[in-house]
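Observations on the model geometry
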Amino acid sequence: MRGINIKGYKNITKDKNLLVYDKPKFVYIGVSKNDKLRVIVGDKVYIGSVIASSDLNVYSSVSGTVVGFEDKTDISGNLIKVVKIENNFKEEYQNENIIEDIDNYTKREFISILKECSIRGLGGAGFPTYLKYKTKTRIKHLIINAVECEPYITADYKIIKEKTKEILECIDAIMTINKIDDAYFVVKKNNDSIIKILNKIIGIYPKIKITLVPDIYPMGWEKSIVSYIFHKEYNELPIELDTVVNNVSTIYAIYEALKYHKPLIDRIVTFAGDGLRKNVNVFLKIGTDVSEVIDTLGYKKDELVLVAGGPMMGTSAKEAIITPNINAILLLKNNKLDIPDVCIRCGRCSSICPAKLSPILIKENIDSKELKYLHPEKCIECGLCSYICPAKILLKEHVIRAKGSDNV
Amino acid sequence: MNLQKRIGPFLKDDDSVSKIMNRYTFALLPIIIFVFFKHGIFTYINGYTNVFGILYPLIFMTVGAMGSVLSEEVFLVVFKKLKNKDLLDNIAKNYSYLPGLLLSLIIPINTPLAILFIGGIFSSIIGKMIYGGFGNNIYNYSVLGSISIYSTYSDIINNNGGYLNIYETIKSNSIFDYLIGNTLGPLGTTSIILIFISLIYLIVTKTINYRASISYILTFILLGITSGINLSYIIVPLSSILFVSAFLMNPTPVTNKGSILYGITLGIVTFILYYHIGYNGILLSILILNTFIFLFDKIGSRIEFNKIYYIFYIIVIFSAFSTSFITNNQNINSEVISYEYIR
């Protein structure tokens, strides 16, 4: 397994109490181009009201009034349309008081509940979860990803600590519903605190095994975990090996969907970095403006960089709103920019790339026909090439640019 | 909030080019000190030179380094590539001293200083600057410099004494002499132990491409053993082989599997050329293989996605076997590998 041990910075948020910030003044719910809007300005909405819909519904995370539509840049720099909703702080639900038995579903009902509640992967990619389960082949293995290999982020750790019982119960239910043989709860080898928490109650579920993986980045990548456990590699999706991989936060979202029919409207986000006065995990509504939270936490006066996501894969932005796939917001002091040196052909980028690419060759061949043999499209944007490069060349940027090139 | 936009990742490894080059230069220090003792102090103790002679090896290396430094400065000024006015800063940033310094370590001690100086200029200008300077060189600059002065001035160097260090002509060499480097040969490439320590240091600190270096050494030694030649024929070039793998391997392919393939191929080519034309064969094989680095990178990057490219490994290993077999049936001329004169 290719990767590297990176300093974790996890202790700064790990043991701090969860901050609940569930009363934003406004929320900004992102709507994609294909979504059909279901509200107009002035409409009254409840928590869980459908705002827009296409394949998956888009839900309001607060109760209040639609006050307008705005354009905002999302974390990848694209302009997206958002619905601005003013919170009336009444916490009114669209459909209240549903409590169901979570393993009392058929597979078909299970999938439709996931789809209805717009459950997405909370680990980073935001892939619709129901698609993972909607397959003709029988799922044999379920992998619960709690590796959280990026530095600073402890959001998954927090949810395991707070909701251990619910998560394990839900894994058991998913296994019963989908007739899955075994589940692997994957955590880092040196993450003693998670192992301790799990050990207390995992004995009740003999089919769920704790699997320990080495503390290297990017161990949390689906492909790394699957190949570490099964010693096999898949091409496109883990289902090729009869496996489904879910992030542990996603499991909790599934729990809430099964139990209360609650759509995905909130999540835990790690707020950390040397630019913030208080480093803490925050429970947030989807659509909360990040600057509102940062104002509450306090920030330093230096020149700062706002990063949506972890320090390796995250992107820097001037503003950000919380979407389901953001697991961390970092506010870092702006260190002096490293001026890239000349490549000295040390080959570290090629030897570390988990996707077995040669980033420097991709950079050099970006305009040539050779590019298609270098397979830049296999890049997972983990950022290790830029991290390791002694010449501080921004290799990740070049590879991402090559991905979009015509020569691929 | 005073927010700036930046390109990620937002954590970077501590290592940098300047740290790498400093470690590289640091690894050269024991060898430089060794040269000072061997060619300066010991020669004086044995009564073959005067006080000036003690400093001669240091002067020798300085002249080589100065050839590079001065020519690079002139080049930068003439082509207006001088980025800042501080000349000393430029030397540090371009590591200008390296081509000439390395050159002085791989040529005979009796090379006239003027020729060494020309070699330093040649290494820097032809080997490095015309390709765009530090990091852009296609060929190893010092090897290019040494091959060019050998091919042009070999008569002058020979007549001047070649590799002979006066007090060494009268003694016979034991294995121990080879280990500590008390033997004939280019300035820096005689001490097996010292170079081995430097090599280990460079590999452990990830300063050099260890894949190419290790596969190169192993190939050479394995070929020597399997071809059944006299073991002393392997020990004589061993220090030079180690020196090449530690200090002269750059540039190498960047891909992992390309580097290993490169190391093996270089080992084979070196093996063949060394036992035909002697020490210069080692240097020549580097230049030959440098030309094809891009091919090794092509193979190395494709092999990860297409197993058919492993055929190149099979070809190279097959040619290693045949090399070993052919060498087995030949008598090696022991004159070729001694440093008595330069070919």
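In the block above lies the structure referred to throughout.
Residues numbered from 1 in each chain as written. Chains lettered and ligands numbered in written order. Predicted model: local features only at pLDDT ≥ 70, side-chain atom pairs only at ≥ 80, totals over all residues. Heavy atoms only, no water.

1. Examining the overall build of chain B
For clarity, the cut-off: Going along the chain from the N terminus, every DSSP run of H or I of four or more residues is numbered as a helix, and every run of E of two or more is numbered as a strand. We take the radius of gyration over the C-alpha atoms and set the globule estimate at 2.2 Å times the residue count to the 0.38 power. The classification of residues rests on relative accessible area computed with a 1.4 Å probe and restricted to protein chains. Under 20% of the type maximum is buried, over 50% is exposed, and intermediate values are partly exposed. In what follows, residue pairs with any heavy atoms lying within 4.5 Å of each other are defined as contacts. Positive charges come from Lys and Arg alone, negative charges from Asp and Glu alone, with His and the N- and C-terminal ends not counted. A charge is said to be at NZ when it belongs to Lys, at CZ for Arg, at CG for Asp and at CD for Glu.
Counting its regular elements, chain B contains 15 helices and 1 strand. Taking 343 residues into account, the globule formula puts the C-alpha radius of gyration at 20 Å, and chain B, at 21 Å, falls close to it. Within the span of chain B, comprising 343 residues, buried residues form 57% of the whole. A separation threshold of at least 6 residues defines the contact pool for chain B, and within that pool the share at least 24 residues apart is 75%. For chain B, the separation between the mean place of its 20 positive charges and that of its 14 negative charges on side chains is 12 Å.

2. Structural notes on the interface of chain B and chain A
Basically, it comes down to this: Buried area: the accessible surface (1.4 Å probe) lost by two parts on joining, summed over both. We count a salt bridge whenever a side-chain nitrogen from Lys or Arg sits within 4 Å of a carboxyl oxygen from Asp or Glu. Here a polar contact means two N or O atoms within 3.5 Å. Within protein one must be a hydrogen donor candidate and the other an acceptor candidate, and residues neighboring in sequence count only if both atoms are side-chain atoms.
Taken together, the contacts link 35 residues of chain B with 57 residues of chain A. Carbon and sulfur atoms make up 61% of the surface buried where chain B meets chain A, a total of about 4,100 Å² over both sides. Taken together, the links from chain B to chain A amount to 4 salt bridges. The salt bridge partner of A:Arg348 is B:Asp15, with a shortest N-O separation of 3.0 Å. For the pair chain B and chain A, the number of links is 13 residue pairs in polar contact (both at pLDDT 80 or more).

3. What to know about the pairing of strand β5 (residues 50-53) of chain A
Each regular strand carries side chains that alternate between the two faces of the sheet. Residues and elements named next belong to chain A. Counted only if it meets this: A pair of strands is considered paired only if DSSP assigns at least 2 bridges between the two.
Across 2 bridges, the pairing between strand β3 (residues 36-37) and β5 is antiparallel. Bridge pairing links Lys36 to Ser53 in β5. Where β5 lies against strand β6 (residues 57-59), 3 bridges are found, and the strand directions are antiparallel. When the bridges of β6 are listed, Ala52 appears paired with Val58. What sits between the antiparallel neighbours β5 and β6 is a turn of 3 residues.

4. A word on the packing of helix α2 (residues 107-116) of chain A against helix α8 (residues 248-260) of chain A
If you want to describe how two helices pack, look at the angle between their axes and the distance between the axes. Residues and elements named next belong to chain A. Filter applied, for reference: All axes here are fitted lines through C-alpha atoms, helices being fitted over the stretch that makes contact, and every angle between N-to-C directions spans 0 to 180 degrees. Every angle not falling under 35 degrees, over 145, or within 65 to 115 is termed oblique; those three ranges are roughly parallel, roughly antiparallel and roughly perpendicular. Under the grouping applied here, Gly and all other residues not named as nonpolar or charged are polar, the nonpolar ones being Ala, Val, Leu, Ile, Met, Phe, Trp, Tyr, Cys and Pro and the charged ones Asp, Glu, Lys and Arg.
The N-to-C vectors of α2 and α8 enclose an angle of 110°; their axes lie 10 Å apart at closest approach. Judged on the interaxial angle alone, α8 and α2 are roughly perpendicular. Together, Phe110, Ile113 and Leu114 of α2 and Ile254, Ala257 and Leu258 of α8 make up the contact between the two elements. The residue inventory of the contact of α2 with α8, partitioned by class, reads 6 nonpolar, no polar and no charged.

5. Examining helix α1 (residues 17-45) of chain B
Residue and element names in this part refer to chain B. For clarity, the cut-off: Take the residue count of a helix, subtract one, and multiply by 1.5 Å to get its expected span. One axis fitted to the seven residues ending at a residue, another fitted to the seven starting there: the angle between these axes is the bend at that residue.
A rise of 1.5 Å per residue sets the reference length of α1, with its 29 residues, at 42 Å; its end C-alpha atoms lie 41 Å apart and thus fit the reference within 8%. At Phe37, α1 is bent by approximately 35°, the largest bend along its length. Among the residues trailing α1, Gly47 stands out with phi positive, at a value near 80°.

6. A closer look at the packing of aromatic side chains
All names here are of chain B. Stated formally: Working definition: rings of Phe, Tyr and Trp (its six-membered ring) pair if their centres are within 6.5 Å, and the pair is stacked with planes under 30 degrees apart, edge-to-face with planes over 60 apart, and tilted otherwise.
Throughout the structure, instances matching the rule amount to 21 aromatic pairs over all chains. Here Tyr56 and Phe60 contribute two aromatic rings whose centre-to-centre distance is 6.0 Å and whose plane-to-plane angle is 50°, an arrangement assigned as tilted. Residue Tyr56 and its partner Phe60 are located together in helix α2 (residues 51-78), separated by 4 residues, close to a single helical turn. What makes Tyr56 partly exposed here is its relative accessible area of 23%.

7. Examining the packing of helix α5 (residues 164-178) of chain A against α8(A)
Residue and element names in this part refer to chain A. Closest axis-to-axis distance for the α5/α8 pair is 9 Å, and the angle between their directions is 75°. Comparing their axes, α8 and α5 come out roughly perpendicular. Residues Glu166, Ile167, Glu169, Cys170, Ile171 and Ile174 of α5 form the contact with α8, whose participating residues are Val248, Ile251, Tyr252, Ile254 and Tyr255. A breakdown of the residues in the contact of α5 with α8 according to their chemical character gives 9 nonpolar, no polar and 2 charged.

8. Thoughts on empty space enclosed by the protein
If a probe the size of a water molecule is rolled over the atoms, the empty space left behind becomes visible. Cut-off, in case you're wondering: Points on a 1 Å grid, built from protein atoms alone, make a cavity when a 1.4 Å probe fits but cannot get out and make a pocket when they are open with protein on both sides within 12 Å along at least 5 of 7 lines; residues with an atom within 4 Å of a point are the lining residues. Grid points are joined across faces, edges and corners, and a volume is the space filled by probe spheres set on the points.
Scanning all chains against the criterion turns up 7 cavities of 30 Å³ or more. The calculated volume of the largest cavity comes to roughly 350 Å³. If you trace the largest cavity, you find 23 residues lining it, with A:Ile344, B:Met21, B:Tyr141, B:Asn250 and B:Pro251 closest to the centre. When contributions to the lining of the largest cavity are tallied by element, the ones reaching two or more residues are α1, α4 (97-105) and α10 (231-248) of chain B. At 3 residues, the largest contribution of residues to the lining of the largest cavity is made by α1(B).

9. Quick look at the sheet that holds β5(A)
Ordered in space as β3-β5-β6 (chain A), the 3 strands form an open sheet in which the pairing is antiparallel. Sheet topology places β3 and β6 of chain A at the edges, where each strand pairs with a single neighbour.

10. Quick look at a negative patch on the surface
So the rule is basically this: For patch detection, residues must exceed 30% relative accessible area and be free of salt bridges, and they are connected within 9 Å for like charges or within 5 Å for nonpolar side chains (Val, Leu, Ile, Met, Phe, Trp, Tyr). Each accessible area is a Shrake-Rupley result for a 1.4 Å probe, and residues are judged covered by the shown protein chains and nothing else.
On the surface, A:Glu100, A:Asp101, A:Asp103 and A:Glu109 cluster together into a patch of negative charge. In this fold, A:Glu100 is placed in the loop between β8 (79-87) and α2.

11. Side note on the nonpolar core
Residues and elements named next belong to chain B. In plain terms, the rule: The set of buried Ala, Val, Leu, Ile, Met, Phe, Trp, Tyr and Cys residues whose side-chain atoms join them within 4.5 Å is what this entry labels a nonpolar core.
Membership of the largest hydrophobic core comes to 110 residues, with the highest contact counts inside it found for Phe243, Phe247, Leu248 and Tyr275. At 11 residues, α10 tops the list of elements feeding residues into this core. Not counting residues up to four positions away in its chain, the partners in contact with Leu248 are Tyr24, Leu102, Ile106, Asn140, Ser142, Val143, Phe243, Leu283 and Ile286.

12. Side note on the pairing of β8(A)
All names here are of chain A. In this sheet, β8 lies alongside strand β2 (residues 26-31) in antiparallel orientation, the contact comprising 6 bridges. Bridge assignment links Val27 to a residue of β8, and that residue is Ile85. Relative to β8, strand β7 (residues 64-73) runs antiparallel, the two being bridged by 9 bridges. Considered in β8, the bridge of Val66 is made with Ile85. In this antiparallel pair of consecutive strands, β7 and β8, the connection spans 5 residues, and Gly77 shows a positive phi of 90°.

13. Some thoughts on the sheet that holds strand β10 (residues 182-188) of chain A
All names here are of chain A. The strand order β11-β10-β9-β12 describes an open sheet built from 4 strands, whose pairing is parallel. Each end of this open sheet is capped by a strand with a single partner; those strands are β11 (208-213) and β12 (243-247). For this sheet, the mean inter-axis angle between neighbouring strands, taken without regard to orientation, is 25°. Two elements, strand β9 (residues 141-145) and β10, share 5 bridges in a ladder whose sense is parallel. Bridge pairing in β10 places Ile143 opposite Tyr184. Across the sheet, α8 lies against β9, β10 and β12, angled at about 90° from β12, the strand it touches most.

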